[in-house]
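Chain and residue survey
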Amino acid sequence: MTRPSVRAALWASAGAVACGALAATPAPPTTPATATPPVTPTATSTTARPAVPPGTAPQGFTRIGGPANGLTVAVPQDWVALDLSRDDLDKSLTSIGLSGEALEQARRSLRPLVANKAVWASDRTSAATSPNRFATNLNAFCQESPDVPADQIVADVKRQLGQLGATVSQAGEVPIDDGTAVRVVYRLPSRGIDIRGTQYYTRSSSSGRTCILTLSTDKDGLQPLFDRIGRTLTPR
(Lines give C-alpha, C1' and ligand atoms only; values in the text may rest on other atoms or scores of the structure.)
Protein backbone atom coordinates (compact mmCIF):
# COMPACT_ATOMS: atom_id res chain seq x y z
CA MET A 1 0.00 0.00 0.00
CA THR A 2 1.42 3.37 -0.86
CA ARG A 3 1.06 6.04 1.75
CA PRO A 4 -0.21 8.96 -0.42
CA SER A 5 -3.34 7.14 -1.60
CA VAL A 6 -4.24 5.86 1.87
CA ARG A 7 -3.93 9.37 3.22
CA ALA A 8 -6.03 10.70 0.33
CA ALA A 9 -8.79 8.22 1.15
CA LEU A 10 -8.83 9.22 4.82
CA TRP A 11 -8.69 12.95 4.02
CA ALA A 12 -11.62 12.69 1.61
CA SER A 13 -13.69 10.76 4.14
CA ALA A 14 -12.90 13.19 6.95
CA GLY A 15 -13.86 16.11 4.71
CA ALA A 16 -17.47 14.92 4.58
CA VAL A 17 -18.39 17.46 7.25
CA ALA A 18 -18.37 19.95 4.38
CA CYS A 19 -20.92 17.89 2.50
CA GLY A 20 -23.82 18.24 4.91
CA ALA A 21 -25.67 20.12 2.17
CA LEU A 22 -26.03 16.81 0.36
CA ALA A 23 -28.70 15.81 2.84
CA ALA A 24 -31.29 17.84 0.97
CA THR A 25 -30.33 16.91 -2.58
CA PRO A 26 -31.63 14.08 -4.79
CA ALA A 27 -29.30 11.24 -5.71
CA PRO A 28 -27.90 11.51 -9.25
CA PRO A 29 -27.89 8.50 -11.61
CA THR A 30 -25.24 5.89 -10.87
CA THR A 31 -23.52 3.29 -13.00
CA PRO A 32 -25.80 0.27 -13.55
CA ALA A 33 -24.82 -3.07 -12.06
CA THR A 34 -24.01 -4.41 -15.50
CA ALA A 35 -21.81 -1.76 -16.74
CA THR A 36 1.34 -5.54 15.19
CA PRO A 37 0.17 -8.97 14.34
CA PRO A 38 -3.30 -8.93 12.85
CA VAL A 39 -6.18 -9.07 15.28
CA THR A 40 -8.88 -11.61 14.49
CA PRO A 41 -12.12 -9.71 13.83
CA THR A 42 -15.08 -10.43 16.06
CA ALA A 43 -18.21 -11.97 14.56
CA THR A 44 -20.16 -9.36 12.60
CA SER A 45 -22.49 -9.18 9.63
CA THR A 46 -19.41 -9.79 7.50
CA THR A 47 -19.91 -13.50 8.15
CA ALA A 48 -23.54 -13.58 9.31
CA ARG A 49 -25.12 -12.61 5.97
CA PRO A 50 -25.24 -14.99 3.02
CA ALA A 51 -22.92 -14.17 0.15
CA VAL A 52 -24.32 -12.34 -2.88
CA PRO A 53 -22.96 -13.31 -6.31
CA PRO A 54 -20.28 -10.79 -7.39
CA GLY A 55 -21.67 -8.04 -9.62
CA THR A 56 -25.13 -8.08 -8.07
CA ALA A 57 -26.48 -5.86 -5.30
CA PRO A 58 -28.40 -6.78 -2.15
CA GLN A 59 -32.05 -5.77 -1.99
CA GLY A 60 -32.35 -2.04 -1.40
CA PHE A 61 -28.83 -1.38 -2.69
CA THR A 62 -27.45 -0.19 -6.02
CA ARG A 63 -24.01 -0.63 -7.55
CA ILE A 64 -21.75 2.32 -8.28
CA GLY A 65 -18.47 2.34 -10.16
CA GLY A 66 -17.42 0.47 -13.28
CA PRO A 67 -14.46 -0.36 -15.52
CA ALA A 68 -13.15 3.22 -15.48
CA ASN A 69 -12.93 3.11 -11.68
CA GLY A 70 -11.54 -0.43 -11.59
CA LEU A 71 -14.23 -1.59 -9.15
CA THR A 72 -17.87 -1.57 -8.19
CA VAL A 73 -19.46 -1.50 -4.75
CA ALA A 74 -23.10 -1.61 -3.64
CA VAL A 75 -24.52 1.24 -1.56
CA PRO A 76 -28.03 1.92 -0.19
CA GLN A 77 -30.29 3.23 -2.94
CA ASP A 78 -30.93 6.55 -1.18
CA TRP A 79 -27.24 7.47 -1.03
CA VAL A 80 -25.87 10.13 -3.38
CA ALA A 81 -22.85 9.09 -5.48
CA LEU A 82 -20.16 10.73 -7.61
CA ASP A 83 -17.98 9.10 -10.26
CA LEU A 84 -14.62 10.88 -10.02
CA SER A 85 -13.16 9.11 -13.07
CA ARG A 86 -14.77 11.76 -15.27
CA ASP A 87 -12.53 14.55 -13.93
CA ASP A 88 -15.44 17.01 -13.75
CA LEU A 89 -15.46 17.43 -9.99
CA ASP A 90 -16.67 21.05 -9.94
CA LYS A 91 -19.57 20.27 -12.27
CA SER A 92 -20.51 17.19 -10.24
CA LEU A 93 -20.49 19.07 -6.94
CA THR A 94 -22.53 22.00 -8.22
CA SER A 95 -25.02 19.62 -9.86
CA ILE A 96 -25.87 18.15 -6.45
CA GLY A 97 -26.43 21.52 -4.86
CA LEU A 98 -23.15 22.56 -3.25
CA SER A 99 -22.04 26.18 -3.38
CA GLY A 100 -19.93 28.70 -1.51
CA GLU A 101 -17.74 27.44 1.32
CA ALA A 102 -19.32 23.96 1.29
CA LEU A 103 -18.38 23.63 -2.39
CA GLU A 104 -14.82 24.77 -1.74
CA GLN A 105 -14.32 22.40 1.20
CA ALA A 106 -15.75 19.47 -0.75
CA ARG A 107 -13.51 20.34 -3.70
CA ARG A 108 -10.40 20.34 -1.51
CA SER A 109 -11.37 17.08 0.15
CA LEU A 110 -12.23 15.13 -3.00
CA ARG A 111 -9.68 16.53 -5.47
CA PRO A 112 -6.95 14.02 -4.43
CA LEU A 113 -9.29 11.17 -5.39
CA VAL A 114 -9.80 12.37 -8.96
CA ALA A 115 -6.33 11.18 -9.98
CA ASN A 116 -7.25 7.74 -8.63
CA LYS A 117 -10.55 7.67 -10.59
CA ALA A 118 -12.39 6.97 -7.37
CA VAL A 119 -16.07 6.63 -6.58
CA TRP A 120 -17.52 8.57 -3.65
CA ALA A 121 -20.92 8.16 -2.02
CA SER A 122 -22.75 9.53 1.01
CA ASP A 123 -25.89 8.99 3.05
CA ARG A 124 -28.01 12.00 2.14
CA THR A 125 -29.84 12.08 5.47
CA SER A 126 -26.97 11.42 7.87
CA ALA A 127 -25.71 14.98 8.28
CA ALA A 128 -29.08 16.17 9.60
CA THR A 129 -28.83 13.82 12.60
CA SER A 130 -25.11 14.29 13.19
CA PRO A 131 -24.03 16.70 15.95
CA ASN A 132 -21.06 17.59 13.74
CA ARG A 133 -23.02 17.85 10.47
CA PHE A 134 -20.82 14.98 9.29
CA ALA A 135 -22.12 13.00 6.32
CA THR A 136 -21.62 9.24 6.57
CA ASN A 137 -19.67 8.42 3.40
CA LEU A 138 -17.35 6.15 1.47
CA ASN A 139 -14.72 6.38 -1.22
CA ALA A 140 -13.14 3.57 -3.23
CA PHE A 141 -10.39 3.31 -5.83
CA CYS A 142 -7.71 0.95 -7.13
CA GLN A 143 -3.96 1.52 -7.33
CA GLU A 144 -0.84 -0.27 -8.47
CA SER A 145 0.79 -2.19 -5.64
CA PRO A 146 2.92 -5.28 -5.08
CA ASP A 147 1.23 -8.56 -4.24
CA VAL A 148 1.90 -8.91 -0.50
CA PRO A 149 0.38 -11.19 2.16
CA ALA A 150 -2.53 -10.05 4.31
CA ASP A 151 -0.48 -9.74 7.49
CA GLN A 152 1.92 -7.34 5.76
CA ILE A 153 -1.00 -5.21 4.57
CA VAL A 154 -2.38 -5.16 8.12
CA ALA A 155 0.97 -4.11 9.58
CA ASP A 156 1.46 -1.36 6.99
CA VAL A 157 -2.04 0.06 7.35
CA LYS A 158 -1.90 -0.03 11.16
CA ARG A 159 1.42 1.83 11.06
CA GLN A 160 0.03 4.53 8.77
CA LEU A 161 -3.15 4.91 10.80
CA GLY A 162 -1.07 5.14 13.97
CA GLN A 163 0.95 7.98 12.45
CA LEU A 164 -2.34 9.84 11.94
CA GLY A 165 -3.41 9.29 15.57
CA ALA A 166 -5.96 6.57 14.83
CA THR A 167 -6.72 3.65 17.15
CA VAL A 168 -7.25 0.28 15.43
CA SER A 169 -9.74 -2.08 17.11
CA GLN A 170 -9.95 -4.88 14.52
CA ALA A 171 -7.72 -5.95 11.64
CA GLY A 172 -7.55 -9.14 9.64
CA GLU A 173 -8.67 -11.03 6.55
CA VAL A 174 -12.42 -11.54 5.98
CA PRO A 175 -14.56 -13.10 3.24
CA ILE A 176 -16.28 -10.87 0.69
CA ASP A 177 -18.57 -11.81 -2.18
CA ASP A 178 -15.67 -11.80 -4.66
CA GLY A 179 -13.09 -13.60 -2.52
CA THR A 180 -11.31 -12.17 0.51
CA ALA A 181 -10.23 -8.76 1.75
CA VAL A 182 -8.23 -7.24 4.57
CA ARG A 183 -10.60 -5.34 6.86
CA VAL A 184 -9.40 -2.68 9.33
CA VAL A 185 -11.71 -0.98 11.85
CA TYR A 186 -10.43 2.16 13.56
CA ARG A 187 -11.28 5.47 15.23
CA LEU A 188 -9.63 8.61 13.95
CA PRO A 189 -9.77 12.08 15.56
CA SER A 190 -10.07 14.72 12.84
CA ARG A 191 -10.96 18.41 13.22
CA GLY A 192 -12.57 17.72 16.59
CA ILE A 193 -14.66 14.82 15.24
CA ASP A 194 -14.26 11.23 16.41
CA ILE A 195 -14.53 9.36 13.12
CA ARG A 196 -15.48 5.67 13.13
CA GLY A 197 -13.79 4.22 10.06
CA THR A 198 -13.53 0.90 8.25
CA GLN A 199 -11.22 0.08 5.35
CA TYR A 200 -11.24 -2.89 2.99
CA TYR A 201 -8.29 -3.93 0.83
CA THR A 202 -8.72 -6.52 -1.93
CA ARG A 203 -6.58 -7.38 -4.93
CA SER A 204 -7.76 -7.71 -8.52
CA SER A 205 -6.43 -10.91 -10.06
CA SER A 206 -6.95 -9.53 -13.58
CA SER A 207 -5.36 -6.08 -13.24
CA GLY A 208 -2.89 -6.81 -10.44
CA ARG A 209 -4.08 -3.68 -8.59
CA THR A 210 -5.25 -3.31 -5.00
CA CYS A 211 -8.70 -1.79 -4.48
CA ILE A 212 -9.28 0.22 -1.30
CA LEU A 213 -12.69 1.03 0.19
CA THR A 214 -12.91 3.55 3.05
CA LEU A 215 -16.15 4.05 5.01
CA SER A 216 -16.52 6.81 7.60
CA THR A 217 -19.11 8.10 10.07
CA ASP A 218 -19.27 9.94 13.38
CA LYS A 219 -22.12 7.75 14.66
CA ASP A 220 -22.17 4.53 16.65
CA GLY A 221 -23.99 1.45 15.41
CA LEU A 222 -23.14 1.57 11.70
CA GLN A 223 -20.58 -1.24 11.65
CA PRO A 224 -23.11 -3.83 10.38
CA LEU A 225 -23.98 -1.53 7.45
CA PHE A 226 -20.31 -0.88 6.71
CA ASP A 227 -19.62 -4.61 6.72
CA ARG A 228 -22.54 -5.25 4.39
CA ILE A 229 -21.26 -2.61 1.96
CA GLY A 230 -17.68 -3.84 2.26
CA ARG A 231 -18.64 -7.37 1.38
CA THR A 232 -19.86 -6.18 -2.06
CA LEU A 233 -16.50 -4.65 -3.08
CA THR A 234 -15.72 -6.13 -6.51
CA PRO A 235 -12.61 -5.35 -8.60
CA ARG A 236 -13.24 -4.95 -12.34
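Described in the following lines is the structure provided in the data block.

Basis of the calculations
Residues numbered from 1 in each chain as written. Predicted model: local features only at pLDDT ≥ 70, side-chain atom pairs only at ≥ 80, totals over all residues. Heavy atoms only, no water. Helix = DSSP H or I, 4+ residues; strand = E, 2+ residues; numbered from the N terminus. Buried < 20%, exposed > 50% of the residue type's maximum accessible area, 1.4 Å probe, protein only. Areas by Shrake-Rupley, 256 points an atom, 1.4 Å probe, with all protein chains shown as cover. Core = buried A, V, L, I, M, F, W, Y, C linked by side-chain atoms within 4.5 Å. Pairing = 2+ DSSP bridges. Disulfide = S-S within 2.5 Å.

1. What about the overall build of the protein chain?
Scanning the protein chain from N- to C-terminus turns up six helices and ten strands. Within the protein chain, the proportion of its 236 residues that are buried is 53%. Looking at the protein chain as shown, the accessible area adds up to about 9,700 Å², and 54% of this sits on carbon and sulfur atoms.

2. Here's the deal with the nonpolar core
For soluble globular proteins, the rule of thumb is that nonpolar side chains tend to be buried together. If you look at the biggest cluster of nonpolar residues, it comprises 27 residues, and the most contacted ones within it are Leu-84, Leu-93, Leu-110, Leu-161, Val-184 and Tyr-186. In this structure, Val-75, Cys-142, Phe-226 and Ile-229 belong to the second largest nonpolar core, which totals 23 residues.

3. What to know about unusual backbone geometry
Located in the positive-phi region is Arg-133, a residue other than glycine, with phi close to 55°. Mapped onto the secondary structure, Arg-133 falls in the loop between strand E4 (119-123) and strand E5 (137-144).

4. Points about the sheet that holds strand E1 (residues 61-66)
The three strands lie next to each other as E1-E2-E10, forming an open sheet whose pairing is antiparallel. The open sheet terminates on both sides in strands that have one partner only, identified here as E1 and strand E10 (234-235). Pairing between strand E2 (residues 71-76) and E10: two bridges, direction antiparallel. Bridge pairing in E10 places Leu-71 opposite Pro-235.

5. Considerations on the pairing of E4
Across a regular strand the side chains alternate sides, sitting on one face of the sheet and then on the other. Of all the five residues making up E4, five are buried; the element is thus mostly covered by neighbouring parts of the structure. In E4, alternate side chains face the same way, and those of Val-119, Ala-121 and Asp-123 on one face and Trp-120 and Ser-122 on the other are all buried. As paired strands, strand E3 (residues 79-83) and E4 are joined by five bridges and run antiparallel to one another. The residue of E4 that forms the bridge with Leu-82 is Trp-120. Where E4 and E5 come together, four bridges link them in antiparallel fashion.

6. Considerations on the pairing of strand E7 (residues 179-190)
Looking at chain direction, strand E6 (residues 167-176) and E7 are connected through nine bridges and run antiparallel. The residue bridging Ala-171 from the neighbouring strand is Val-184, located in E7. Alignment of E7 against strand E8 (residues 193-203), held across nine bridges, turns out to be antiparallel. Bridging across to E8, Ser-190 finds its partner in Ile-193. Connecting E7 to the antiparallel partner E8 that follows it, the hairpin turn spans two residues, and Arg-191 within it adopts a positive phi of roughly 55°.

7. Re the state of the cysteines
With the rule as written, the count across this model stands at one disulfide. Each disulfide pairs two cysteine sulfurs, and for Cys-142 the partner residue is Cys-211, the sulfurs being separated by 2.1 Å. For the disulfide bridge between Cys-142 and Cys-211, the dihedral angle about the S-S bond is near 90°, and by the sign convention the bridge is right-handed. Placement of the pair is Cys-142 in strand E5 and Cys-211 in strand E9 (residues 209-217), with a sequence separation of 69 residues. Relative accessible area serves as the criterion here: at 3%, Cys-142 is assigned to the buried category. Overall, the relative accessible area of 0% leaves Cys-211 in the buried class.

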